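What follows is the residue order along each chain.
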Amino acid sequence: MGRIAAIDTFIVTLPRDTPYLGPLAEGERVNDHGYVVRKGNGTIYPTVDRSIVVRVKTDAGLVGWGETYGICAPRATCEIINDLLAPVLIGADSPDVERLWDTLYGLMRVRGCTSGFHVDAIAALDIALWDLLGRERGEPLSALLGRRIHDTVPGYLSGLPAATLAERVDMARAMYDEGHRAFKFAAAVSHEGVVEEMAALRDALGDGVDIMVDLHWKFDPDEAIALAGRLAPYTPRFIEAPVKPEDMVGLARVAREAPVPVAAGEEWYTSYDVANRLALGDLAYIQPEMGHTGITQFRRIAALAGEHGISVAPHATIGIGLFLAASLHVSATLPHLWKHEWQHSIFTRGLALLDGDMSYRDGGYHLPSGPGLGVEPSAHFFNIAEAIS
């Protein structure tokens with residue numbers, strides 16, 4: 001693979017007409033830095049799509065690409081890479097990418113940096129290093145990571161970004177007519193009521209469709225269990241993220257007592273996070289997010305899920321598609337994969353910035369076929385990306 005000679009970071013920003021999750025609700029406003037705080041879950045979102053891309057070069061001339069969350073305060077993550085992590089990696093020549101992840105993670109462990117921007121930064125580098133390894137060997141990542149079980153990765157449609165319940169139902173019907181049979185809606189913008197939205201979607205789409213609801217950590221355990229009881233007649237495939245991420249005991253209780261399956265895990269960074277939660281009780285689905293975990297931790301989390309008999313339903317978030325490609329490569333090797341989230345309002349826009357043959361059609365992802373990730377930034381990417389040093 002050669003020695004690592006240079007690491008570069010980029011921020012890419014894509015304007016969008018409708019903010020993520022849908023139009024602003026009454027009382028919501030965009031602040032001076034381009035963020036809106038959603039009243040439905042108290043979480044801050046930008047009004048643009050934004051991501052961080054990392055390029056790792058070796059002295060042998062190879063280039064690997066990685067990506068991580070750039071949704072909020074992206075310069076913070078770039079600074080961690082450029083000031084803290086890149087100087088440690090420069091000169092490294094080990095093909096043992098997992099060992100390098102452990103090394104970078106350990107740098108800040110004693111300071112309590114076991115998630116957040118620090119581990120996002122590691123995730124981007126981890127993906128780039130795996131990409132380098134695949135390109136050096138001339139093989140797609142899925143071939144390096146294990147036997148490919150799924151030629152395509154089944155997906156589910158995520159998000160109905162319209163202002164009213166009636167408009168969201170109409171959007172779901174239109175997507176159903178296009179052939180989609182699995183849908184997830186967001187409680188943070190269910191302004192007419194979560195149960196009401198579930199009921200309306202079930203009535204519109206019929207019993208042969210999977211419907212999920214992302215509860216966005218809005219409830220305490222008693223509220224979540226009660227809500228699950230009211231949702232149960234509409235047979236949701238799962239309820240997602242019912243309680244605050246810090247409430248590990250509460251999550252285990254909801255998973256144990258709710259009359260519907262429970263999914264969680266998009267905000268969990270490492271197998272340590274997962275092991276601590278599974279020690280308290282199992283879930284029906286675990287949802288690793290490649291933009292947080294990188295390939296190394298995604299694989300370790302998936303292995304833990306397999307040991308506990310838990311299905312994996314990977315999360316997908318705002319990005320140009322590099323960490324999504326990584327997620328698909330790992331997902332294709334998992335025997336306990338259910339479906340992978342498909343952010344339809346993001347995916348196609350990201351493809352415009354990539355070279356490669358990754359696609360989504362007929363209810364599933366078609367993996368890129370080239371070596372490594374199988375995708376890389378296009379000329380258009382370099383026209384709009386901001387290099388950060």
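Please read all numbers here as calculations on a predicted model, not as lab measurements. (Residues numbered from 1 in each chain as written. Predicted model: local features only at pLDDT ≥ 70, side-chain atom pairs only at ≥ 80, totals over all residues. Heavy atoms only, no water.)

1. Examining the overall build of the protein
For the record, the criterion: Secondary structure elements follow DSSP: runs of H or I no shorter than four residues count as helices, runs of E no shorter than two count as strands, and numbering proceeds from the N terminus. Here the globule rule is a power law, 2.2 Å times the number of residues to the power 0.38, and the radius of gyration is based on C-alpha atoms. Only protein chains enter the area calculation, which uses a 1.4 Å probe; residues under 20% of their type maximum are buried, those over 50% are exposed, and those in between are partly exposed. In short, Shrake-Rupley with a 1.4 Å probe defines the accessible areas, and a residue's cover is counted only from the protein chains shown. Under the counting rule used here, the positive set is Lys and Arg, the negative set is Asp and Glu, and His together with the chain ends is not counted. Where a charge sits is defined by one atom per residue type, namely NZ (Lys), CZ (Arg), CG (Asp) or CD (Glu).
Along its length, the protein carries 13 helices and 18 strands. At 20 Å, the protein has a C-alpha radius of gyration in line with the 21 Å of a compact globule built from 389 residues. Seen through its C-alpha atoms, the protein measures out along the principal axes to roughly 60 × 45 × 40 Å. A burial count over the protein gives 58% of its 389 residues as buried. A total of about 14,900 Å² of accessible surface is found on the protein, and carbon and sulfur atoms cover 50% of it. Of the side chains in the protein, 33 bear a positive and 50 a negative charge, and the two mean positions are spaced by 1 Å.

2. Describing the side chain of K339
Here is the rule we go by: By definition in these notes, contact holds between two residues if any of their heavy atoms fall within 4.5 Å.
Mapped onto the fold, K339 is located in the loop between α11 (322-331) and β13 (340-342). Ignoring anything within four residues of it in the chain, the contact list for K339 reads P154, G155, Y156, A182, D210, V312, A313 and P314.

3. Here's the deal with the packing of helix α9 (residues 271-278) against helix α10 (residues 290-307)
Geometry of a packed helix pair, given as the angle between the helix axes and the separation of the axes. To keep things clear, this is the line we draw: Think of each axis as a best-fit line through the C-alpha atoms, taken over the contacting stretch in the case of a helix, with angles from 0 to 180 degrees between the N-to-C directions. In what follows, roughly perpendicular refers to angles from 65 to 115 degrees, roughly parallel to angles under 35, roughly antiparallel to angles over 145, and oblique to any angle outside these ranges. Take the far helix as your reference; a near helix turned counterclockwise from it by less than a right angle gives a left-handed crossing, and one turned clockwise gives a right-handed crossing. Amino acids are sorted into nonpolar (Ala, Val, Leu, Ile, Met, Phe, Trp, Tyr, Cys and Pro), charged (Asp, Glu, Lys and Arg) and polar (every other residue, Gly among them).
In contact at an axis separation of 9 Å, α9 and α10 are set at 20° when each is read in the N-to-C sense. Viewed along their axes, α9 and α10 adopt a mutual orientation that is roughly parallel. Note that α9 runs across α10; the crossing there is right-handed. Contact with α9, carried on its side by S271, V274, A275 and L278, involves Q297, R300, I301 and L304 of α10 and no other residues of that element. For the contact of α9 with α10, the residue count by class is five nonpolar, two polar and one charged.

4. What to know about the packing of α10 against α11
Relative to each other, α10 and α11 sit at 30°, their axes nearing to 10 Å. With respect to each other, α10 and α11 are oriented roughly parallel. Crossing geometry of α10 relative to α11 is assigned as left-handed. Contacts from M290, G291, I295, F298 and R299 in α10 reach F323, A326, S327, V330 and S331 in α11.

5. Regarding the nonpolar core
Taken as a class, soluble globular proteins show a tendency for nonpolar side chains to be buried jointly. Quick note on the threshold: Only buried residues count toward a nonpolar core. Its members are Ala, Val, Leu, Ile, Met, Phe, Trp, Tyr and Cys residues joined through side-chain atoms within 4.5 Å.
Of all hydrophobic cores here, the largest spans 105 residues; its most connected members are I7, V56, L125, V213, I286 and I295. Beyond its immediate chain neighbours, meaning those up to four positions away, L125 contacts I7, V54, V56, I81, L85, L89 and L104.

6. Things to note about the environment of D177
Among the structural elements, D177 can be located in helix α5 (residues 165-177). Each C-alpha atom of the pair D177 and L205 lies 9.8 Å from the other, and the pair is 28 residues apart in sequence.

7. Comments concerning the sheet that holds strand β4 (residues 48-58)
Put simply, the rule reads: What makes two strands pair is DSSP finding at least two bridges between them.
If you walk across this open sheet you meet the four strands as β5-β4-β1-β18, and the pairing is antiparallel. Looking at strand neighbours, the two that pair on one side only are β5 (63-69) and β18 (386-388), the edges of this open sheet. Neighbour-to-neighbour, the strand axes of the sheet open up by a mean angle of 30°, direction not taken into account. As paired strands, β4 and β5 are joined by seven bridges and run antiparallel to one another. Each bridged residue has a counterpart across the sheet, and for S51 the counterpart in β5 is Y69. Packed onto the sheet, α11 meets β4 and β5 and runs at close to 100° relative to β5.

8. Looking at the side chain of H150
Test applied: Polar contact is defined as a pair of N or O atoms within 3.5 Å, subject to the rule that within protein one atom must be able to donate a hydrogen and the other to accept it, and that residues adjacent in sequence are counted only when both atoms are side-chain atoms.
With respect to the element layout, H150 can be found in the loop between α4 (141-145) and β6 (152-158). For H150, the side chain forms a polar contact with the main-chain oxygen of L334, separated by 2.7 Å. Those residues in contact with H150 that lie beyond four places of it in its chain are S331, A332, L334 and L337.

9. Focus on helix α2 (residues 97-106)
Applied cut-off: In this description, one arc is meant: the one made by directions from the helix axis to the C-beta atoms.
For α2, every residue scored as buried is listed here: V97, L100, W101, L104 and Y105. Looking straight down α2, one finds that the buried residues subtend no more than 135° of arc, so they occupy a single side. Of the surrounding secondary structure, the elements contacted by the buried residues of α2 are α1 (74-89), α3 (116-137), α9 and α10.

10. Observations concerning unusual backbone geometry
Non-glycine residue A73 carries a positive phi angle of around 45°. Taking the relative accessible area as the measure of exposure, A73 reaches 36% and is therefore partly exposed. Its identity is not glycine, yet A241 carries a phi of approximately 50°, on the positive side. Take A241: it is sitting in the loop between β9 (238-240) and α8 (248-257).

11. With respect to the pairing of β5
Buried residues dominate β5, accounting for six of its seven residues. Between β4 and β5, which pair antiparallel one after the other, the connecting turn spans four residues, and G61 there sits at a positive phi close to 95°.

12. Concerning the environment of G179
Note on placement: G179 falls in the loop between α5 and β7 (182-186). A sequence separation of 184 residues divides G179 from G363, and the C-alpha atoms of the two residues are 7.3 Å apart.

13. Some points on the pairing of β6
Summarising burial for β6: five of the seven residues are buried, a large majority. Here β6 pairs with strand β16 (residues 364-366) via three bridges, running antiparallel. Along β16, the bridge assignment pairs P154 with G364. Bridge count for β6 against β13 is three bridges, and the pairing is parallel. Considered in β13, the bridge of L157 is made with W342.

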